[in-house]
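Results of the structural survey
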Amino acid sequence: MLSVRSLNTEYKSPKGPAVRAAQDVSFEVPKGVFFTLLGPSGCGKTTTLRSIAGLEQPTSGEIEVNGRAVYSSKSGIFLPPNQRNFGMVFQSYAIWPHMSVFANTGFPLEVRKSKPSRKQIADKVMEMLHAVGLDHLADRDATKLSGGQQQRLALARALVMEPELLLLDEPLSNLDAKLRDRMRYELKRIQRETGLTTIYVTHDQGEALSLSHEIAVMSEGRVVQIGSPRHIYEKPCNKFVADFIGSSNFIDGTVLGLDSPSGFWCVRTPLGDILVQSEVSLDKDSRVTIAIRPEDVELIEGAVDTGEPVNVLTGIVEVKVYLGEFIDFQMKVGESNLLSRAHPTLRTPEGGKLNIRMSPQKCVVLPAEIAG
């Protein structure tokens, strides 16, 4: 549905070389998919979105929607935003303060070249307001809406024109934490019900994981990894992705070789010898980094069941941080630290000893050349 190929965008700098905001960005988004561009500030995600929208003119590359080129450096094509039929919701919402909720929503239809009839506009506006739960506020002044309601109004205004593509640029960043959580579910529901292909930009990992069918992680203008939320989280391709998506423990080590009885690779680390899973063959004596999520560092007060290949360590509770739903334990293992996330029922005090169990399948090995 959406095809972005070899997209490059540069900004001239008054001093020094041009800033390369997007570098060789390529991805495909099938129809009906919620696709997220995720990364830290300055990574090129908003530049890429604005290039798709037609608000930025790239230096080179191609952008196609449903087989129609909206930008092509080779063919000299650059369609202005008003000819692309895309809906866009900005971080600021850009609500017109002098208009009612109804008028805000219907404005894109009022200014169309082929303007629908009054009844068609009214019917379509009320349909969209109903979809976002604002139909009962149609006559209210837009300025008298709450932050969450303004966000839904901006979404209704983008949807009313029946766009081929919906573009969302950090639309939840101005909301408080609880409202942001609620609006995630609203966005997900609306997107699933409309089946609208959506490109979403955020720096919030939680938003990306909870909303998306697919995620493209970006860093320094480049796409680093593309995959489903589960794949990105459980199988990061390098240290940057593992560190940016959630929390990870990173353990440096040296490959000893393949452990024949278990079928896993054995890596010598400051914590001891650890069995790890790797989708690629590892060279003996090569340096690697092991990534393991805190929730996969299992803490056990008693004996550890070793009926299957497993990594067993012993550590001392150095610091405990109570966070309601879970407790973060900083464990001292030899001269190293491991972060573990455990259920609040585990009450071992600071200074207490605990066994540590880590499944080799959860120990993701990152070869040195892509460890970041």
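Quick summary incoming for the structure in this document. On a predicted model such as this, the values are computed, not experimentally measured, just so you know. (Residues numbered from 1 in each chain as written. Predicted model: local features only at pLDDT ≥ 70, side-chain atom pairs only at ≥ 80, totals over all residues. Heavy atoms only, no water.)

**Quick look at the state of the cysteines**
Counted by the stated rule, this structure contains 0 disulfides. Here Cys43 is not disulfide-linked; the sulfur of Cys237 is the nearest cysteine sulfur, at 14 Å. Here Cys43 falls in the buried class, since its relative accessible area comes to 1%. Here Cys266 stays unpaired: no disulfide links it, and the sulfur of Cys363, its closest cysteine neighbor, is 11 Å away. (Disulfide = S-S within 2.5 Å. Buried < 20%, exposed > 50% of the residue type's maximum accessible area, 1.4 Å probe, protein only.)

**A closer look at the pattern of salt bridges**
Scanning the entire structure with this criterion turns up 21 salt bridges. For Arg20, the salt bridge identified is with Glu10, shortest N-O distance 3.8 Å. Here Arg20 is found in strand 2 (residues 19–29), whereas its partner Glu10 is found in strand 1 (residues 2–11), with 10 residues between them in sequence. We classify Glu10 as partly exposed; its relative accessible area is 38%. Among the salt bridges present, the one from Arg341 reaches Asp328, with a minimum N-O distance of 2.8 Å. (Salt bridge = Lys/Arg side-chain N within 4 Å of Asp/Glu carboxyl O. Helix = DSSP H or I, 4+ residues; strand = E, 2+ residues; numbered from the N terminus.)

**With respect to the sheet that holds strand 3 (residues 34–38)**
Judged by pairing direction, the sheet is mixed, and its 6 strands sit side by side in the order 7-8-9-3-10-11 without closing on themselves. The outermost strands of the open sheet, each flanked by one partner alone, are strand 7 (86–89) and strand 11 (222–227). When strand polarity is set aside, the average angle formed by the axes of neighbouring strands in this sheet is 20°. Summarising the sheet, strand 3 and strand 10 (residues 214–219) pair through 4 bridges and their orientation is parallel. In the sheet register, Phe35 faces strand 10, and the bridge partner there is Glu214. (Pairing = 2+ DSSP bridges. Axes fitted to C-alpha atoms, helices over the stretch in contact; angles between N-to-C directions.)

**So, the sheet that holds strand 4 (residues 60–65)**
Within a sheet, each strand pairs with its neighbour through backbone hydrogen bonds, oriented either parallel or antiparallel. Pairing is antiparallel across the open sheet formed by 5 strands, whose spatial order is 2-1-4-5-6. Single-partner strands in this sheet number two, and they are strand 2 and strand 6 (77–78). As defined by bridge partners, strand 4 adjoins strand 5 (residues 68–72) across 4 bridges and the pair is classed as antiparallel. Residue pairing for strand 5: Ile63 is matched across the bridge by Tyr71.

**With respect to the side chain of Ser340**
Counting through the fold element by element, Ser340 comes out in strand 19 (residues 336–342). A polar contact of 2.5 Å, which involves the side chain of Ser340, links it to the backbone oxygen of Val297. Those residues in contact with Ser340 that lie beyond four places of it in its chain are Pro294, Val297, Leu299, Ile327, Asp328 and Phe329. (Polar contact = N/O pair within 3.5 Å; in protein donor to acceptor, adjacent residues only side chain to side chain. Contact = heavy atoms within 4.5 Å.)

**So, the packing of helix 2 (residues 101–110) against helix 3 (residues 118–131)**
In the contact formed by helix 2 and helix 3, the axes pass within 9 Å of each other and the chain directions differ by 125°. Classified by the angle their axes make, helix 2 and helix 3 are oblique. Remark: the crossing between helix 2 and helix 3 carries right-handed chirality. Across from Val101, Phe102, Thr105, Gly106, Leu109 and Glu110 in helix 2, the residues of helix 3 making contact are Arg118, Ile121, Ala122, Lys124, Val125, Met126, Met128 and Leu129. In terms of residue class, the contact of helix 2 with helix 3 is made up of 9 nonpolar, 2 polar and 3 charged. (Parallel < 35°, antiparallel > 145°, perpendicular 65-115°, else oblique. Left-handed = near helix turned anticlockwise from the far one by under 90°. Nonpolar A, V, L, I, M, F, W, Y, C, P; charged D, E, K, R; others polar.)

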